[in-house]
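Given next are the chains, with one letter for each unit.
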Amino acid sequence: MKYFISFLLSLCILFLFQNCFAHKLSTFAYKEGDQIIGEAYFVDGSPCMNCKIEVFDKKGAKILETLTNERGEYKFGIKESGELKIRVIAGEGHLAEYKIKIEELEKEKKIQNEKNIEKNISKKENLPSLNKEEIKDMLKQAIREENEGIKNLILEVKKDMNRVKVHEILGGIGYILGILGLWAILKNKKRVN
Amino acid sequence: MHISEGVLSPPILLGGVVFTLIGLTIGLKNLRENKLPEVAILSSTFFVASLIHIPVGPSSAHLILNGLVGILLGWVAFPAIFLGLFLQAILFQFGGITTLGINTFIMAFPSVIVWYLFKNFIQKDNIFTFTSGFLSGFLSIIFSAILVSLMLYFTQKSFFSLIVTLISIHIPIAIVEGLITGFILIYLKKIKPEVLL
């Protein structure tokens, strides 16, 4: 038994050195302008290359199909609103799903924002050379650049959450020993009775 | 080897649950009290082994060690593997609760097959022990790969290419597992021969 335990421990140590994990697939997506941009990756952080992406609307009907690139990224334009389901298929039984909500209110907000911008422009007379569209594009560009860091951070955090932690492994082993120990106690009680 | 949730259709999942329940019943009936510590250790081994990846060309595959569990436990492999898979599903989301039945069947049934095939050979010569250990480690992976492709075939209908890919991915890992199982059996025979009975 001693030897088995040492074997088990050496497996754990091998795990620590290797820092490699099973093929669990995850995906994450966000909305940017009219597009949905996402990334699909395995639990060790390696990208899901050329994987099939299927997008379903809230009724479950397939809207479109696409592929990921070699960095595991995908993007597609979308007109539908409501909840979308993105399904990543990596073959051999690996699959991941992600739900994303697209708000219908956005159009109204857009119109309001445009009106506000127009008002602002009319107030400031030293900006007549820039029209509404140009200002909008500039703002969008600036916000996108600002958000890039935060998006990467979120992606990193998401990936990190999926990583297997050492305490989970030790906890799992503890559960197994505990459950079978309980079983042994119950059996023993029966025999004594 | 772990099939994700949402890939297979409900009838196959249900079939997996039924087969696993049968296996669990037989396994628990055969479970002797003095074997319990061994079951605990092997179940934990199985639980940890799935986290160890071995790079194979562009892809990589992880250890399963269902051959080792099978040759040492026989039908009790079902409860041992079930327990390991259950904890993998709830702690790491490998596989999932709805696919627990089918995944247990895919990994534990080959263990039982290799136990029937090789249980009579492991107590003979050292060469016999090693060879049967190697073959049980090797074949259980190949059987599992065949079972996975069969299950996927029922929903995807591209059996031939699937079985070729799955087996070719798993041949290196099958060899590694065969070597591990063989050496462990030789070692156990030397230091603790009663485990092999």
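Residues numbered from 1 in each chain as written. Chains lettered and ligands numbered in written order. Predicted model: local features only at pLDDT ≥ 70, side-chain atom pairs only at ≥ 80, totals over all residues.

1. Overview of the overall build of chain A
Step number 1: Along its length, chain A carries 4 helices and 7 strands.
Step number 2: Secondary structure elements in chain A, listed N-terminal to C-terminal, are α-β-β-β-β-β-β-β-α-α-α.
Step number 3: The buried share of chain A, reckoned over its 193 residues, is 19%.
Step number 4: Counting contacts in chain A only where the partners sit at least 6 residues apart, residues at least 24 apart contribute 49% of the total. (Helix = DSSP H or I, 4+ residues; strand = E, 2+ residues; numbered from the N terminus. Buried ≥ 20, exposed ≤ 12 C-beta atoms within 10 Å, placed from the backbone. Contact = placed C-beta atoms within 7 Å.)

2. A short note on the overall build of chain B
Step number 1: In terms of regular secondary structure, chain B is built from 7 helices and 2 strands.
Step number 2: From first element to last, N terminus to C terminus, chain B shows the α and β order α-α-β-β-α-α-α-α-α.
Step number 3: The globule rule puts the C-alpha radius of gyration for 197 residues at 16 Å, and the 16 Å found for chain B is close to it.
Step number 4: Across its three principal axes, chain B shows a C-alpha extent of roughly 45 × 40 × 30 Å.
Step number 5: Across the 197 residues in chain B, those meeting the buried criterion constitute 53%.
Step number 6: Partitioning the contacts of chain B with sequence separation of at least 6, the portion at a separation of at least 24 is 76%. (Rg over C-alpha atoms; globule rule 2.2 N^0.38 Å.)

3. A closer look at unusual backbone geometry
Residues and elements named next belong to chain B.
Step number 1: Non-glycine residue Leu65 carries a positive phi angle of around 60°.
Step number 2: The residue Leu65 is located in the loop between strand E2 (59–62) and helix H3 (66–73) in this model.
Step number 3: With 28 C-beta atoms counted inside 10 Å, the residue Leu65 sits in the buried group.

4. Concerning the confidence of the model for chain A
Step number 1: When the pLDDT values of chain A are averaged, the result is 75; 71% of them are 70 or greater.
Step number 2: The secondary-structure element of chain A with the lowest mean pLDDT is helix H2 (residues 106–123) of chain A, recorded at 61, while helix H4 (residues 166–192) of chain A shows the highest, at 86. (pLDDT = per-residue confidence, 0-100.)

5. Some thoughts on the nonpolar core
Step number 1: A:Val88, B:Val69, B:Ala77, B:Ala80 and B:Ile81 are the most contacted members of the largest nonpolar core, which totals 86 residues.
Step number 2: No other element matches the 11 residues that helix H5 (residues 100–118) of chain B contributes to this core.
Step number 3: For this core, the two domains that each supply at least three residues are domain 1 (23–103) and domain 2 (105–188) of chain A.
Step number 4: When sequence neighbours within four positions are dropped, the list of residues in contact with B:Ile81 reads B:Phe46, B:Asn66, B:Val69, B:Thr104, B:Met107, B:Ala108 and B:Ser111. (Core = buried A, V, L, I, M, F, W, Y, C linked by C-beta atoms within 7 Å. Domains from an automatic or database assignment.)

6. What to know about the sheet that holds strand E2 (residues 35–42) of chain A
All names here are of chain A.
Step number 1: Taken together, the 3 strands give an open sheet; going across it, the order is E1-E2-E5, and neighbouring strands pair in antiparallel fashion. The open sheet has two free edges, formed respectively by strand E1 (25–32) and strand E5 (73–77), since each of these has just one partner strand. The average angle at which neighbouring strand axes cross in this sheet is 20°, direction not considered.
Step number 2: Direction of pairing for E1 relative to E2: antiparallel, over a ladder of 8 bridges. (Pairing = 2+ DSSP bridges. Axes fitted to C-alpha atoms, helices over the stretch in contact; angles between N-to-C directions.)

7. Regarding the packing of helix H1 (residues 10–30) of chain B against H5(B)
All names here are of chain B.
Step number 1: Where H1 meets H5, the closest approach of the two axes is 7 Å, and the angle between their N-to-C directions is 55°. Considering the angle they form, H1 stands oblique to H5. For the element pair H1 and H5, the recorded crossing hand is left-handed. From H1, Ile12, Leu13, Gly16, Val17, Phe19, Thr20 and Gly23 reach across to H5, where they touch Gly101, Ile102, Thr104, Phe105, Ala108 and Phe109.
Step number 2: In terms of residue class, the contact of H1 with H5 is made up of 8 nonpolar, 5 polar and no charged. (Parallel < 35°, antiparallel > 145°, perpendicular 65-115°, else oblique. Left-handed = near helix turned anticlockwise from the far one by under 90°. Nonpolar A, V, L, I, M, F, W, Y, C, P; charged D, E, K, R; others polar.)

8. Here's the deal with the pairing of strand E3 (residues 52–56) of chain A
All names here are of chain A.
Step number 1: Side chains Ile53 and Val55 project from E3 onto a buried face, and the interleaved Lys52, Glu54 and Phe56 project onto a face without burial.
Step number 2: Judged from the 5 bridges that link them, E3 and strand E4 (residues 62–67) form a sheet pairing that is antiparallel. Across the sheet, Val55 pairs through a bridge with Leu64, a residue of E4.
Step number 3: Linking two consecutive strands that pair antiparallel, namely E3 and E4, is a turn of 5 residues; a positive phi of about 95° is found at Gly60 within it.

9. Examining the environment of A:Gly82
Step number 1: Residue position: A:Gly82 is located in strand E6 (residues 82–91).
Step number 2: With residues up to four places along the chain from it excluded, the contact list for A:Gly82 reads A:Asp57, A:Lys58 and A:Ile102.

10. Quick notes on H4(A)
Step number 1: Taking 1.5 Å per residue as the helical rise, H4(A) with its 27 residues ought to reach 39 Å, and the 39 Å between its terminal C-alpha atoms agrees with that figure.
Step number 2: Among all positions in H4(A), only A:Ile169, A:Gly172, A:Ile173, A:Ile176 and A:Leu180 are buried. (Expected span 1.5 Å × (residues − 1).)

11. Some points on the confidence of the model for chain B
Step number 1: On average, residues of chain B score 86 in pLDDT, and 94% of them reach the 70 mark or higher.
Step number 2: Across chain B, the secondary-structure element scoring lowest on mean pLDDT is E2(B), at 69, and the one scoring highest is H5(B), at 93.

12. Thoughts on the packing of H3(B) against H5(B)
Residues and elements named next belong to chain B.
Step number 1: Packing of H3 against H5 leaves a shortest axis separation of 8 Å and a crossing angle of 50°. Relative to H5, the element H3 lies oblique. The two elements H3 and H5 cross, and the hand of that crossing is right-handed. Where H3 abuts H5, its residues Asn66, Gly67, Val69, Gly70 and Ile71 lie against Met107, Ala108, Pro110, Ser111, Val112, Val114, Trp115 and Phe118.

13. Comments concerning the environment of B:Ser168
Step number 1: Structurally, B:Ser168 is set in helix H7 (residues 159–191).
Step number 2: C-alpha of B:Ser168 to C-alpha of B:Ala145: the two residues are 23 residues apart in sequence and 9.5 Å apart in space.

14. Some remarks on the environment of B:Ile12
Residue and element names in this part refer to chain B.
Step number 1: Following the sequence through the fold, Ile12 ends up in helix H1.
Step number 2: Separated by 87 residues in the primary sequence, Ile12 and Thr99 place their C-alpha atoms 9.6 Å from one another.
Step number 3: Ignoring any residue separated from it by four or fewer positions in sequence, one finds Ile12 in contact with Ile102, Met151, Phe154 and Thr155.

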